[in-house]
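# Breakdown of the fold
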Amino acid sequence: MKNFEKDFKKSLEKFYFDIMRMNKLVGNDYKDYSFSPRYNNLVREEIENEDETVDSILKKNYEGFVDGVIDVLVVGYFLYKVENKNDNIELVSDSFKNLEVSEIATFIKELIIYCQKSVINDNIENILYKMEQISYTLGNHYNVDILGAFQEVMDSNFSKFPLVGDVDPDYEVEYIKNQKRKYTGVHYIVVEDIENGEKVKKYVFKNDKGKFLKPSCFREPKIHMYLSNDNSLISELYRYISK
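About the cut-offs
- Residues numbered from 1 in each chain as written.
- Predicted model: local features only at pLDDT ≥ 70, side-chain atom pairs only at ≥ 80, totals over all residues.
- Heavy atoms only, no water.
- Pairing = 2+ DSSP bridges.
- Helix = DSSP H or I, 4+ residues; strand = E, 2+ residues; numbered from the N terminus.
- Core = buried A, V, L, I, M, F, W, Y, C linked by side-chain atoms within 4.5 Å.
- Buried < 20%, exposed > 50% of the residue type's maximum accessible area, 1.4 Å probe, protein only.
- Phe/Tyr/Trp six-rings, centres within 6.5 Å; stacked < 30°, edge-to-face > 60°.

### Things to note about the pairing of strand β2 (residues 198-206)
Looking at chain direction, strand β1 (residues 187-195) and β2 are connected through nine bridges and run antiparallel. Opposite I194, over in β2, you have K199 as the bridge partner. Between β1 and β2, which follow one another and run antiparallel, lie two residues, and N196 among them has a positive phi close to 55°.

Written out as structure tokens, the structure reads:
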């Protein structure tokens, strides 16, 4: 257990670092408080939208639930940073423990209330704390390869930002414009990133509202590859939440 907790914390710290790196890459400055309402809405969407965290429980979709938990962390960590404006803010939890199903279910019900009352930002520290503990429980008790899932999600996110020279940016702009969801003002910028200790240049595709978009090289995360055959958690959560 101690070895897993050590590995989990190390993996979660890298996950957090990559989230901040991604936001810096696209020009999101956590000292700009105008990001608070936008990321408040993003956290809310990851909790209550169709096929996200809560809806996945109601559909008994284990993959969707795990993906939802991780995605709440992805957008929630940046919101937490915006709300605190502290260079030293990192993980919320100092230590980790397995949560009982009843504890997870109670927290999910709290999330629903936070969404209904639009108080996500006021409770972001508690949300992240519980999501970190749920992630730990998934890995330590339910045999989900949560460390691999963290990396899978970030690899997917970074696939939105191809290296200069790997794609034709004008083609990608047209590809994005022709997607089912119609964006306006689609354009690209060239930014610098660090990969394997070396500076590289990448494309970031955005619309006129500053949302970064998915080019054709984007790869959806394959969370199912990291799940165990133990689906008991999602069934028990469904029993609690659907009451």
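Read on for the rest.
### Thoughts on the nonpolar core
The biggest cluster of nonpolar side chains holds 70 residues, and the ones touching the most others in it are F15, F65, Y77 and I146. Taken together, the elements giving at least two residues each to this core come down to α1 (2-25), α2 (35-48), α3 (53-58), α4 (62-84), α5 (101-117), α6 (124-140), α7 (146-158) and α9 (232-241). Take this core: its biggest share by element is 14 residues, from α4. With seven residues, the next largest nonpolar core counts V167, V173, V186 and L213 among its residues.

### Side note on the packing of aromatic side chains
Taken as a whole and judged by the stated rule, the model has 16 aromatic pairs. Each ring, one from F8 and one from Y136, has its centre 5.4 Å from the other, and the planes form 80°; the classification is edge-to-face. Residue F8 is found in helix α1, and its partner Y136 is found in helix α6; the two are separated by 128 residues along the sequence. Residue Y136 is classed as buried on the basis of its relative accessible area of 1%.

Fair warning: the whole summary comes from geometry, so function is off the table for now.
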